Amino acid sequence: MSWAQSVRERARTTLASASTRNLPPPFVAGPELSEPAAPVVVVSQPASDDVLPPGVRTAGAWAWRFILFVVATYLLLRLVALLSVVIIPVVVATLLAALFQPASAALVRHGVKRSLAAGLVLVAGLVLVFGGLGLIVRTFISQLDTLSERVTQGVDEVQTWLSRGPLHLTDAQLSQYVDQAREAVSANQGAVTSGAISTAATLGEVVTGFFLVLFTLFFFLRDGGPIWSFLCRLLPREAQVPTARAGHYAWHTLVSYVHATVLVAFVDAVGIGIGLAVLGVPLALPLAALVFLGAFIPVIGATLTGAVAVLVALVANGPVTAVTVLVIVIAVQQLEGHVLQPLIMGRAVALHPLAVILAIAAGIVVAGIVGGLIAVPLLAVLNTAIRYLVKHPSGEPTPDREPPGTEPTDDDQAEREDRAEAAARAIDPTSPPPVSTSVS
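Values in this document were obtained by computation on a predicted structure and should not be read as measured data.

**Student:** I keep staring at helix 10 (residues 301-317) and nothing clicks. Help me out?
**Tutor:** Residues spaced three or four apart along an α-helix point in a common direction, a consequence of the helix completing one turn every 3.6 residues. Over its 17 residues, helix 10 runs 24 Å from end to end, which matches the ideal 24 Å to within 8%, given 1.5 Å per residue. Buried within helix 10 are the following residues: Gly301, Ala302, Thr305, Gly306, Ala309, Val310, Val312, Ala313 and Ala316. One side of helix 10 holds all its buried residues, which, seen down the axis, span an arc of 165°. Residues of helix 10 that are exposed and angled more than 90 degrees away from the buried face: Leu304 and Leu311. The positive-phi residue at the C-terminal boundary of helix 10 is Gly318, with phi of around 100°.

This is the structure we're talking about:
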């Protein structure tokens, strides 16, 4: 190699090393930057003093919530008791509105203004009620003397039976019992007087409640829909439509229940009233009206009023007529229980008989006779609303537009009705469901 070439090589090497002298050295990860191993997490639980098993803790959590629910229910009942003078007329007006609302709606559909339609229906209802009461009172007054004579004869017959029958009571014993009854009445004369005063006060409440029922009924007939819409708009937005539709179905159930109850009560009153009139029992018309009113308390109402009719027949006409009236009452109740209730009431509302009995008992304990009257319709309304909200929480209509509370509680009967509905739809599948229970 010549001297010139060796000089060029050394120069090239020197320039190459000079060009790489400012470059960073290659990066090598040291042990402090190497990927750490997966950490081991140790959970240390603090020592707990709760030695109760989970089941007991769960029961305790449910227990205090149940206690709060009971307290809230008690306070609600106390509030209802304080406002009973207002709440009872509103409840009665609601039931009457369910009875008269179809007539008012029919007038509105024929072009009558809502206020005029509500007024006409209200006046017609007052004429019907007061006309019936006038006829009943007039019949009672006209037959009072005859009834008094028959009652006196009946009491004499009872005394004769007690003295000559299997008890063999002497005249002295009978006189002693009569004197004891008179002494009891005299001893309780103060209670009778205070009862009369309280009755006068109650009469004032009744008059006040009557006019409150009239005003409330008029506005329910005229503005029932807007009132319910206003109440629903007070709720949170997501709950407005489900609540509105649940109330719609519940109202339809209440209307059907009230109409079915009136029809069943009318049939009971006519059947027993005709039997009493044919047998010559006095006060047949007032007793028939009593049976009509008693039929509004399901199961036990017709039985109690029928027993009153049997007692009147026993005192006024003797045991033979009383037994005949008892047979008539039993026959009418069998007709109601096996024909009218399944055919008419079963299409309006489906409640188990045990639920009906318990609801009536609870209503009577809480609010007396008024509670027994409203217990079953209240249960029917709650049954429809709750079953709808459980199945349709977002507020969509039911597929067949029927209230959810009308399905029979008997599984076999429900299956038969489902097969009948399926057969009807198969015959005419293009026929739409009824719109009477649909919200526009």
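**Student:** Is there a simple way to explain the pattern of salt bridges in this structure?
**Tutor:** Between side chains of opposite charge, pairing is possible as soon as their charged atoms come close. For the structure shown, the criterion picks out two salt bridges. Between Asp223 and Arg114 there is a salt bridge, and its shortest N-O distance comes to 3.7 Å. A residue pair is termed long-range when its members are at least 10 positions apart, and Asp223 in helix 7 (residues 189-233) and Arg114 in helix 4 (residues 114-142) qualify at 109 residues. For Asp223, a relative accessible area of 14% gives the class buried. Residues joined by salt bridges that share partners form a network here, namely Arg114, Arg222 and Asp223.

**Student:** Please clarify how the packing of aromatic side chains should be interpreted in this entry.
**Tutor:** Each aromatic ring pair is described using two quantities: the centre-to-centre distance and the angle formed by the ring planes. Throughout the structure, instances matching the rule amount to four aromatic pairs. Aromatic side chains Phe130 and Phe210 sit 6.0 Å apart centroid to centroid with 85° between the ring planes, which places their arrangement in the edge-to-face category. Highlighted residues: Phe130 in helix 4 and Phe210 in helix 7, separated in sequence by 80 residues. On the basis of an interplanar angle of 75° and a centroid distance of 5.5 Å, the ring pair of Phe210 and Phe211 is categorised as edge-to-face. Look at Phe210 and you get partly exposed, because its relative accessible area is 32%. Of the residues examined, Phe211 reaches a relative accessible area of 45% and is grouped as partly exposed.

**Student:** Looking at this structure, how should I read the packing of helix 3 (residues 84-109) against helix 4?
**Tutor:** The packing of two helices is summarised by the inter-axis angle and the distance between the axes. Across the interface, helix 3 lies against helix 4 with an axial gap of 9 Å and an inter-helix angle of 140°. Accordingly, the angle class assigned to the pair helix 3 and helix 4 is oblique. In this structure, helix 3 meets helix 4 at a crossing whose hand is right-handed. Across the interface between the two elements, Phe100, Ala103, Ser104, Leu107 and Val108 from helix 3 touch Arg114, Ala117, Ala118, Leu120, Val121 and Gly125 from helix 4. Residue composition of the contact of helix 3 with helix 4, by class: eight nonpolar, two polar and one charged.

**Student:** Got a minute to help me understand the packing of helix 3 against helix 8 (residues 237-279) in this structure?
**Tutor:** Two elements in contact, helix 3 and helix 8, have axes separated by 9 Å at closest approach and are oriented at 85°. Classified by the angle between their axes, helix 3 and helix 8 sit roughly perpendicular to one another. The residues of helix 8 that touch helix 3, namely those facing Thr94, Leu95, Ala97, Ala98, Leu99, Gln101 and Pro102, are Trp251, Leu254, Val255, Val258, His259 and Val262.

**Student:** Help me understand the UniProt feature "transmembrane region" (unreviewed entry) in the protein in this model?
**Tutor:** Mapped onto the present numbering, the UniProt feature "transmembrane region" (unreviewed entry) falls at residues 62-81, 87-108, 120-141, 196-221, 254-277, 283-301, 308-332 and 352-382. Taken end to end, residues 120-141 has its terminal C-alpha atoms 31 Å apart, with 100% of it in helix and 0% in strand.

**Student:** Just checking my understanding: could you explain the nonpolar core for this structure?
**Tutor:** In globular proteins that are soluble, nonpolar side chains generally tend to be buried together. Of all hydrophobic cores here, the largest spans 14 residues; its most connected members are Ile272, Leu276, Val281, Leu287, Ala309, Ala313 and Val325. The set of elements that each furnish at least two residues to this core consists of helix 8, helix 9 (284-294), helix 10 and helix 11 (319-348). In this structure Ala309 touches Leu276, Leu287 and Val325, once residues within four positions along its chain are discounted. One finds Val258, Ile297, Leu351 and Val376 within the second-largest nonpolar core, a separate group that totals eleven residues.

**Student:** Please clarify how the confidence of the model for the protein should be interpreted in this entry.
**Tutor:** A low pLDDT score tells you not to read the predicted coordinates there in detail. Per-residue confidence for the protein gives a mean pLDDT of 75; residues scoring 70 or more make up 64%. Note that pLDDT drops below 50 for residues 430-440; the model gives that stretch 18 contacts with residues more than four away or on any other chain.

**Student:** Could you clarify how one ought to interpret the environment of Phe100 in this entry?
**Tutor:** With respect to the helices, strands and loops of the structure, Phe100 is situated in helix 3. Separated by 121 residues in sequence, Phe100 and Leu221 have C-alpha atoms that sit 7.7 Å apart. The residues touching Phe100, leaving out its near neighbours within four places in the chain, are Val121, Gly125, Leu217 and Leu221.

**Student:** I tried to follow the side chain of Ser104 on my own but got confused; where do I start?
**Tutor:** Here Ser104 shows up in helix 3. In this structure Ser104 comes out as buried when scored by relative accessible area, which is 2%. What Ser104 contacts, discounting residues up to four positions off in sequence, is Ala117, Ala118, Val121 and Leu221.

Rules behind the numbers
- Residues numbered from 1 in each chain as written.
- Predicted model: local features only at pLDDT ≥ 70, side-chain atom pairs only at ≥ 80, totals over all residues.
- Heavy atoms only, no water.
- Helix = DSSP H or I, 4+ residues; strand = E, 2+ residues; numbered from the N terminus.
- Expected span 1.5 Å × (residues − 1).
- Buried < 20%, exposed > 50% of the residue type's maximum accessible area, 1.4 Å probe, protein only.
- Arc of directions from axis to C-beta.
- Salt bridge = Lys/Arg side-chain N within 4 Å of Asp/Glu carboxyl O.
- Phe/Tyr/Trp six-rings, centres within 6.5 Å; stacked < 30°, edge-to-face > 60°.
- Axes fitted to C-alpha atoms, helices over the stretch in contact; angles between N-to-C directions.
- Parallel < 35°, antiparallel > 145°, perpendicular 65-115°, else oblique.
- Left-handed = near helix turned anticlockwise from the far one by under 90°.
- Contact = heavy atoms within 4.5 Å.
- Nonpolar A, V, L, I, M, F, W, Y, C, P; charged D, E, K, R; others polar.
- UniProt positions renumbered as here; feature names shortened; annotations may be inferred.
- Core = buried A, V, L, I, M, F, W, Y, C linked by side-chain atoms within 4.5 Å.
- pLDDT = per-residue confidence, 0-100.

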